[in-house]
Amino acid sequence: MTAVRRRYVDGRFGQVHARIAQPVRDCGQRPLLLIHMSPMTGRIFEALTAEMGEDRLSVAFDTPGYGQSDAPDTQPTIETYAAALGEAMDALVPDGRFDILGYHTGSLTATALAALSPARVGRLVLIGAPLFTPQERATFKSYYGPTSPSADGEHLAKRWRGFVHHYQRPGMSLDEVAEHFEEAMTGGANAWWGHAAAFDYDLEAALKALAHPTLILKTGDDLARQTEPARHLSPHIDMLDLPGWGHGFATTHARDVAGVLRAWLDAESRAARAAVMDAPAPASALGPIWPPPEAGSFAPE
């Protein structure tokens, strides 16, 4: 793995914090932008950034308003997040194309950035591409809406229970869950803005309109069921079933993830990408979906 360095670039809302890894010599591969889900930070990609940085510039920003990146003054849209990250990437990669990896909310931001700057984006990898029914959209939007602090800390306890529900799959310790929980606390009172933007974004229409080669990783997490309908939306979409990878997998299985990404991103033709799709999945990706479908998308009250 290569060393991950941190720096700031100037952006439309102030400074944007980045984790960056790159090889000593140019290997000729397109740079990779990694966009985290809300309300997390680029730290969830630190191990994967180090792995991918062995042969390409790899950049994981904290989305504005999360981690160490300055926040917008007003509630943004997915397109606003996309434009802000695109400008930040321009500061590091002023010329040529780059690929994008997005995770949940980051998948929507990645799709929007490809639509805003189609000539700048090479390929997309989306960890989850949820297509919600109107009822699901309303339910999720309500659940992930604004919250108020309580004197007894129950607002934090509820969030913690949700993390345990989603993250503590077989093989993941509570200590590892706690590491991710810390990152979810950096958004402050407006941490819900990212989710709100996501539930207002028409991902289905955006994916249908894109001509970029797109790989969807259908991981075994709480949005697996909502991701399945995206499989046949466009001839430009490939979908890999990876039920053993859930929240935290980019850290615990970073090397395996990098292998899958490298094979697909660097495949030189449609036929070569098809061969990647036909290859056996890593053993780490063959476990069960978590939480189990019968447990539902939300932690029990």
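Heads up: these notes are all about the structure in this document. Keep in mind that what you see is a predicted model, and the values were worked out from it rather than measured.

Put simply, the largest pocket is a space of about 1000 Å³. Considering the residues around the largest pocket, the lining is formed by 44 residues, among which Pro39, Tyr144, Arg159, Trp192 and His195 are closest to the centre. Those elements that provide at least two residues to the lining of the largest pocket are α3 (105–116), α4 (134–143), α5 (154–167), α7 (193–199) and α8 (203–209). With 8 residues, α5 is the single largest residue contributor to the lining of the largest pocket. Tallied by class, the residues present in the lining of the largest pocket amount to 25 nonpolar, 13 polar and 6 charged.

It is worth spelling out the packing of α5 against helix α6 (residues 174–184) at this point. Where α5 meets α6, the closest approach of the two axes is 10 Å, and the angle between their N-to-C directions is 125°. Viewed along their axes, α5 and α6 adopt a mutual orientation that is oblique. Here α5 and α6 pass one another in a crossing that is right-handed. Residues Leu156, Arg159, Trp160, Phe163, Val164 and Tyr167 of α5 pack against Leu174, Val177, Ala178, His180, Phe181 and Ala184 of α6. Taken together, the residues of the contact of α5 with α6 sort by class into 10 nonpolar, 1 polar and 1 charged.

Let us now look at the packing of helix α2 (residues 78–92) against α3. Direction vectors running N to C along α2 and α3 enclose 70°, while the axes themselves pass 8 Å from each other. Put simply, α2 runs roughly perpendicular to α3. Here Ile78, Glu79, Tyr81, Ala82, Ala83, Leu85 and Gly86 of α2 lie close against α3, whose contacting residues are Thr105, Leu108, Thr109, Ala112, Leu113 and Leu116. Residue classes in the contact of α2 with α3 are distributed as 9 nonpolar, 3 polar and 1 charged.

This brings us to the sheet that holds strand β2 (residues 14–21). Here we have 8 strands laid out as an open sheet, ordered β1-β2-β4-β3-β5-β6-β7-β8, and mixed in their pairing. Every other strand in the sheet has two partners, leaving β1 (5–11) and β8 (237–242) as the edge strands with one partner each. Across this sheet, the average inter-strand angle for adjacent strands is 25°, counted without regard to direction. Where strand β5 (residues 98–103) lies against strand β6 (residues 121–127), 5 bridges are found, and the strand directions are parallel.

Attention shifts here to the side chain of Arg169. As for its placement among the helices and strands, Arg169 is situated in the loop between α5 and α6. Although Arg169 is buried, it makes no salt bridge; Asp221 carries the closest opposite charge, 7.1 Å away. Within polar-contact distance, the side chain of Arg169 engages the backbone oxygen of Gly220 at 3.1 Å.

Quick notes on the rules
Residues numbered from 1 in each chain as written. Predicted model: local features only at pLDDT ≥ 70, side-chain atom pairs only at ≥ 80, totals over all residues. Heavy atoms only, no water. 1 Å grid on protein atoms, 1.4 Å probe; cavity = no way out; pocket = protein on both sides within 12 Å on 5 of 7 lines; lining within 4 Å. Points joined across faces, edges and corners; volume = space filled by probe spheres on them. Helix = DSSP H or I, 4+ residues; strand = E, 2+ residues; numbered from the N terminus. Nonpolar A, V, L, I, M, F, W, Y, C, P; charged D, E, K, R; others polar. Axes fitted to C-alpha atoms, helices over the stretch in contact; angles between N-to-C directions. Parallel < 35°, antiparallel > 145°, perpendicular 65-115°, else oblique. Left-handed = near helix turned anticlockwise from the far one by under 90°. Contact = heavy atoms within 4.5 Å. Pairing = 2+ DSSP bridges. Buried < 20%, exposed > 50% of the residue type's maximum accessible area, 1.4 Å probe, protein only. Lys, Arg positive; Asp, Glu negative; His and termini not counted. Salt bridge = Lys/Arg side-chain N within 4 Å of Asp/Glu carboxyl O. Polar contact = N/O pair within 3.5 Å; in protein donor to acceptor, adjacent residues only side chain to side chain.

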